[in-house]
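# Geometric and topological summary
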Amino acid sequence: MTHPCCFSVSKAFKFATAAGQQSISFRYKLKFPFKCSSRQIHMENNHSSDSRGALIVLEGLDRCGKTSQSSRLVSYLEGLGHAVESWRFPDRTTNVGQMISSYLANKSHLDDHTVHLLFSANRWEKRSLMESKLKSGTTLIIDRYSYSGVAFSSAKGLDMEWCKAPEVGLLAPDLVLYLEISPEKAAERGGYGEERYEQLEFQEKVSQSYKTLSESSWKIIDATLPIEDVEKQLRENVLDCLTVCQKGKPLSELWLS
Ligand code: NYM
Ligand code: MG
């Protein structure tokens, strides 16, 4: 009998990107406990015991070192013989990504809600590829994900729950590595570029939003340590996570609470 706190539904989803360029439809079953921040999914044609790649996300303020650490991590895992790819959001190569990029470069103006939904659409347009990569055994190291979406938009004053809503149903990371640095220290690192959001005062607000968002499952890494020490900590956490996913940890989705 189904536990009263759990339920199972079979749904057909059809969605289109904000630009209306692509549409993807897929069917899967959902099964999730009533109160949790992600829900487990049991895909049709997929057994939960199947070995798969891990979805690993690096998060943090601008200039925290995410981008260099992700590429070091990918090279390390490749060296160990793992199938691994480096991804980042925003993915500026798509039509939606180009709208975001032009906004970030101050070449266009968009309403705060609108750009928030574009960032989210930019993740949705990659969701099915993400799922197939993971199921085929490829580990994805992703530089920014839904947490950036919520942290940066809520730092502008948008309601945090409203910001989370369009992320619900995206794949939940198996591991979130948060590279922690104070906004002041981050600003000292060669200064910020020209992009929107790269200002000390705003980054302070983003830092507060990340604190509100953080969950006990996040690994908080001191990003002010020497680069090799940060790298070592990332490697240790990631290897454990890869093993669990290889053993068939089921995929789950963001974001019920
Ligand atoms: N950003 C990134 C958001 O505001 N929302 C999002 O959903 C994502 C993924 O874009 N300052 C912001 C954070 C960054 C900026 O990212 C560009 P990057 O990693 O600096 O290229
Ligand atoms: Mg940046």
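Scroll up for the structure.
Residues numbered from 1 in each chain as written. Chains lettered and ligands numbered in written order. Predicted model: local features only at pLDDT ≥ 70, side-chain atom pairs only at ≥ 80, totals over all residues. Heavy atoms only, no water.

## Some remarks on the site of ligand 1
Rule in force here: Any residue with at least one heavy atom within 4 Å of a molecule or strand is counted as near it. Polar contact is the term for a pair of N or O atoms within 3.5 Å; when the atoms are in protein, one must be able to donate a hydrogen and the other to accept it, and sequence-neighboring residues count only if both atoms are side-chain atoms. Each accessible area is a Shrake-Rupley estimate made with a 1.4 Å probe; only the visible protein chains count as cover when residues are assessed. Put simply, the grid is 1 Å and covers the protein atoms alone, a cavity is a trapped set of points that fit a 1.4 Å probe, a pocket is an open set with protein on both sides within 12 Å along at least five of seven lines, and lining residues have an atom within 4 Å of a point. For a molecule to be placed in a cavity or pocket, more than half of its atoms must lie within 2 Å of the grid points of that cavity or pocket. Only DSSP runs of H or I reaching four residues or more are called helices, and only runs of E reaching two or more are called strands; each is numbered from the N terminus. Put simply, Ala, Val, Leu, Ile, Met, Phe, Trp, Tyr, Cys and Pro go in the nonpolar bin, Asp, Glu, Lys and Arg in the charged bin, and everything else, Gly too, in the polar bin.
Taken together, 14 residues surround ligand 1, and among them Asp62, Arg92, Arg123, Arg144 and Gly149 come closest. One nitrogen or oxygen atom from the side chain of Arg123 is found 2.8 Å from an oxygen atom belonging to ligand 1. Here Gly149 contributes a backbone N or O atom positioned 3.3 Å from an oxygen atom of ligand 1. Coverage of ligand 1 by the protein chains reaches 95% of its 480 Å² of free accessible surface. A molecule is said to occupy a pocket when more than half its atoms come within 2 Å of that pocket's grid points, and by this definition ligand 1 occupies the largest pocket. Every element with two or more residues in the shell around ligand 1 is listed here: α3 (112-124) and α5 (146-155). Counting residues per element, the shell around ligand 1 draws most heavily on α5, which supplies three residues. Here the shell around ligand 1 is composed, by residue class, of six nonpolar, two polar and six charged.

## Topic: the nonpolar core
Where we set the bar: Here, the term nonpolar core denotes a set of buried Ala, Val, Leu, Ile, Met, Phe, Trp, Tyr and Cys residues that are joined through side-chain atoms within 4.5 Å. A 1.4 Å probe rolled over the protein chains alone gives each residue an accessible area, and that area as a share of the maximum for its type sets the label: buried under 20%, exposed over 50%, partly exposed in between.
Residues Ile56, Met130, Tyr145, Tyr147 and Tyr210 are the most contacted members of the largest nonpolar core, which totals 65 residues. Per element, the largest residue contribution to this core is six residues, and it comes from helix α9 (residues 227-246).

## Side note on the layout of surface pockets
Any space left empty among the atoms is revealed by the rolling of a water-sized probe across them. Rules: Grid points are joined across faces, edges and corners, and a volume is the space filled by probe spheres set on the points.
Here the largest pocket is characterised by a volume of approximately 500 Å³. As for the largest pocket, its lining consists of 27 residues, of which Asp62, Lys66, Arg88, Arg144 and Glu198 are closest to the centre. Among the secondary structure elements, those contributing two or more residues to the lining of the largest pocket are α1 (66-79), α3 and α5. Taken together, the residues that form the lining of the largest pocket break down as nine nonpolar, six polar and twelve charged.

## Things to note about the sheet that holds strand β8 (residues 219-222)
Applicable threshold: Paired strands, as defined in this entry, are two strands with at least two bridges between them according to DSSP. Axis angles are defined between N-to-C directions and span 0 to 180 degrees, where every axis is a line fitted to C-alpha atoms and, for a helix, only to the segment in contact.
Spatially, β5-β6-β4-β7-β8 is the arrangement adopted by the five strands of the open sheet, whose pairing is parallel. At either end of the open sheet lies a strand with only one pairing partner, and these are β5 (84-88) and β8. This sheet shows a mean twist of 20 degrees between the axes of neighbouring strands, independent of strand direction. As paired elements, β5 and strand β6 (residues 139-143) share five bridges and run parallel to each other. Its bridge partner being in β6, Arg88 is matched across the sheet by Asp143.

## Re the environment of Ser70
Keep this limit in mind: Residue contacts are counted whenever heavy atoms from the two residues lie within 4.5 Å of one another.
Summarising the element assignment, Ser70 is placed in helix α1. For the pair formed by Ser70 and Glu231, sequence separation is 161 residues and the distance between their alpha carbons is 9.1 Å. Setting aside residues no more than four positions away along its own chain, Ser70 makes contact with Leu58, Ile141 and Asp143.

## Some thoughts on the packing of aromatic side chains
Rules: Note on ring pairs: Phe, Tyr and Trp rings are taken, using the six-membered ring of Trp, and paired if centres are within 6.5 Å. Classes follow the plane angle, with under 30 degrees stacked, over 60 edge-to-face and the rest tilted. We count a charge as sitting over a ring when the NZ of a lysine or the CZ of an arginine lies within 6 Å of the ring centre and within 35 degrees of the ring normal.
Per the stated rule, a full pass over the model turns up ten aromatic pairs. Between Phe89 and Tyr145, the aromatic rings sit 6.0 Å apart at their centres with planes inclined by 45 degrees, giving tilted as the arrangement. Here Tyr145 lies in the loop between β6 and α5 and Phe89 lies in the loop between β5 and α2 (95-104), a separation of 56 residues in the sequence. Ring geometry for Tyr210 and Trp218: centres 6.5 Å apart, planes at 70 degrees, overall edge-to-face. Ring-pair connections join several aromatic residues into one group, and the members of that group are Tyr147, Tyr178, Tyr210, Trp218 and Trp255. For the cation-ring pair, Arg196 lies above Tyr103, with the distance from its terminal atom to the ring centre recorded as 3.8 Å.

None of the figures reported here should be taken as evidence of function without further support.
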